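# Notes for the structure review
The residues making up each chain are set out below.
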Amino acid sequence: MTDIQHDQATHDPATDEWRTYDEFAAGIDTYRLPNTDLAGTALTLTLDDGSTLSLAFDADAATWTASGAIGSGGTDPYDAVAVRDDVVFVNLPLTSVERETITVVYSTRTHRALVAHSVIGEEDVDGTPRVRQTFHAAVTDAGDPTGEAPAPSRDLIGKRNIYRYSPQHLYEHVYVSSQRYAWQCLEGVQRGHGDMDLSTVWKFADGLYLFCFREFRIAVASVWLHDLGYDLRTTGIFLGLNGAGESEHSRAGGHIYPLGSVSYPDAQPV
């Protein structure tokens with residue numbers, strides 16, 4: 001049998017079909033860190049554009065108000081994880097507003113914060129991811145901020161990591177520039193699939209990076225907090241359109257296994 005005949009004989013359309021967001025996201029939070037309860041706490045953030053975001057938490061929901069581009073406010077469910085003793089990852093999968101999520105990372109020690117706002121666009125635009133994201137450094141009202149403010153970072157460029165989210169979810173990431181990363185699925189319903197998508201990286205603290213991607217092939221984006229300096233864990237969320245064309249929010253998380261890194265000889269860094 002020739003190589004071409006062998007490829008045709010082993011070709012399986014079911015495994016080659018591009019999977020929908022809800023298909024690959026099912027169970028991707030199996031190894032996620034446990035939730036934390038923010039009931040009875042409140043927080044007001046001042047963003048770098050001068051706008052504000054105020055949050056008041058009970059056991060099940062967050063009541064929030066915002067100025068600027070994020071929106072006016074509402075009462076929505078929230079999901080919180082203490083990724084370090086002093087750092088909390090909070091996501092609001094909005095129900096008061098369709099197709100949007102607000103993600104906040106804040107430190108109770110430095111009083112620094114990061115805000116990511118993810119929005120699914122109304123229609124597809126060729127060459128542009130359907131989900132768009134905006135990012136803001138912020139400070140909290142809990143005390144005077146200390147240390148460096150969160151900012152875009154090139155620290156992950158050249159790194160190659162494996163991410164294990166569940167017994168059925170294993171992915172490899174290669175961070176190739178400040179705007180792109182490459183991924184492939186090593187185990188799971190997307191096995192054998194991969195792509196090069198738009199990405200954004202911000203440094204929040206030593207070894208702690210906000211990593212976000214926006215896919216071209218399907219309407220989905222993510223917000224992750226990679227802890228590369230403490231316990232090699234990642235905590236994240238997805239926002240996208242499922243196979244039925246409806247907006248859907250998913251939690252995610254798991255373990256990070258660094259494979260190595262290279263240094264690119266950039267004359268003009270990208």
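Just so it is clear, the structure is predicted and the values come from calculations on it, not from any experiment. Throughout this description, residue numbers start from 1 for each chain and increase along the sequence as written. Since the coordinates come from a predicted model, pLDDT governs what is reported: local features require at least 70, and pairs of side-chain atoms require 80 or more to be given and counted, while whole-chain, interface and lining totals use all residues. Just so you know, side-chain values use all the structure's heavy atoms and leave hydrogens and water out.

### With respect to the overall build of the protein
A run of H or I in DSSP counts as a helix once it spans at least four residues, and a run of E counts as a strand once it spans at least two, with each numbered from the N terminus. Within the protein one finds 3 helices and 18 strands. Here the globule rule reads 2.2 Å times residues to the power 0.38, and the radius of gyration is calculated from C-alpha atoms. Taking 270 residues into account, the globule formula puts the C-alpha radius of gyration at 18 Å, and the protein, at 19 Å, falls close to it. Counting only C-alpha atoms and orienting by the principal axes, one finds that the protein spans roughly 70 × 45 × 35 Å. Exposed residues in this analysis have more than 50% of their type's maximum accessible area, buried residues have under 20%, and partly exposed residues fall in between, with area computed by a 1.4 Å probe over protein chains only. Looking at the protein as a whole, 47% of its 270 residues are labelled buried. Any two residues having at least one pair of non-hydrogen atoms within 4.5 Å are treated as being in contact. The long-range share in the protein, meaning contacts at least 24 apart out of those at least 6 apart in sequence, stands at 47%. By element, 49% of the accessible surface of the protein is carried by carbon and sulfur atoms, the whole surface being about 12800 Å². The accessible surface values rely on the Shrake-Rupley method and a 1.4 Å probe; as for residues, cover is taken only from the protein chains in view.

### Re the pattern of salt bridges
Each reported salt bridge corresponds to a side-chain nitrogen of Lys or Arg within 4 Å of a carboxyl oxygen of Asp or Glu. Throughout the structure, instances matching the rule amount to 11 salt bridges. Between Asp124 and Arg130 there is a salt bridge whose closest N-O contact spans 3.2 Å. Accessibility expressed as a relative area gives 15% for Arg130, which makes it buried. Among the salt bridges present, the one from Glu187 reaches Arg164, with a minimum N-O distance of 3.1 Å. Of this pair, Glu187 sits in strand β13 (residues 180–187) while Arg164 sits in strand β11 (residues 159–166); the two residues are 23 residues apart in sequence, bridging distant segments of the chain. Here the salt bridges do not stand alone but share partners, grouping Asp29, Arg32, Asp79 and Arg251 into one network.

### A few points about the packing of aromatic side chains
Aromatic rings from Phe, Tyr and Trp, with only the six-membered ring used for Trp, were paired whenever their centres fell within 6.5 Å, and each pair was classed as stacked if the ring planes differed by under 30 degrees, edge-to-face if by over 60, and tilted otherwise. Tallied over the entire structure, the rule returns 17 aromatic pairs. With a centroid separation of 6.3 Å and 15 degrees between ring planes, the pair formed by Tyr163 and Tyr165 is classed as stacked. Consider the rings of Tyr165 and Trp224, whose centres lie 5.1 Å apart with planes at 25 degrees: the pair is stacked. Highlighted residues: Tyr165 in strand β11 and Trp224 in strand β16 (residues 220–227), separated in sequence by 59 residues. Neither residue differs from the other here; Tyr165 and Trp224 are each classed as buried. We count a charge as sitting over a ring when the NZ of a lysine or the CZ of an arginine lies within 6 Å of the ring centre and within 35 degrees of the ring normal. The ring centre of Trp18 lies 4.2 Å from the NZ or CZ of Arg217, which sits over that ring.

### Quick look at the sheet that holds strand β6 (residues 87–93)
Pairing is antiparallel across the open sheet formed by 9 strands, whose spatial order is β4-β3-β2-β1-β9-β8-β7-β6-β5. Of all the strands in the sheet, the pair left with one neighbour each is β4 (73–77) and β5 (79–84). Pairs of neighbouring strands in the sheet enclose a mean axial angle of 25 degrees, with direction left out of account. Paired strands, as defined in this entry, are two strands with at least two bridges between them according to DSSP. The pairing of strand β3 (residues 61–66) with β4 spans 5 bridges and is antiparallel. In the strand pairing of β4, Ala61 is matched with Pro77. Axis angles are defined between N-to-C directions and span 0 to 180 degrees, where every axis is a line fitted to C-alpha atoms and, for a helix, only to the segment in contact.

### Things to note about the side chain of His111
Along the chain, His111 turns up in the loop between β7 (100–107) and β8 (112–120). Overall, His111 belongs to the buried group, its relative accessible area being 12%. When neighbours within four sequence positions are excluded, His111 is seen to be in contact with Ala138, Val139, Thr140, Ala142, Gly143, Asp144 and Pro145.

### Section: the environment of Ile102
The topology assignment puts Ile102 in strand β7. Taking the C-alpha atoms as reference points, Ile102 and Thr134, separated by 32 residues in sequence, lie 10.0 Å from one another. Excluding its chain neighbours within four sequence positions, the residues that come into contact with Ile102 are Leu53, Trp64, Ile70, Val90, Asn91, Leu92, Leu94, Val115, Ala116 and His117.

### Regarding the pairing of β3
Bridge count between strand β2 (residues 52–57) and β3: 5 bridges; the pairing is antiparallel. For Leu55, the partnering residue across the bridge sits in β3 and is Trp64. Between the end of β2 and the start of β3, which pair antiparallel, lie 3 residues. Counted between consecutive antiparallel strands, the loop separating β3 from β4 contains 6 residues, among which Gly68 sits at a positive phi close to 80 degrees.

### A closer look at the environment of Leu94
Inspection of the secondary structure assignment puts Leu94 in the loop between β6 and β7. For Leu94, a relative accessible area of 4% gives the class buried. Taking C-alpha positions, Leu94 is 11 Å from Trp64, a pair spaced 30 residues apart along the chain. Ignoring sequence-local partners within four residues, the contact set of Leu94 consists of Trp64, Asp76, Glu100, Thr101, Ile102 and His249.

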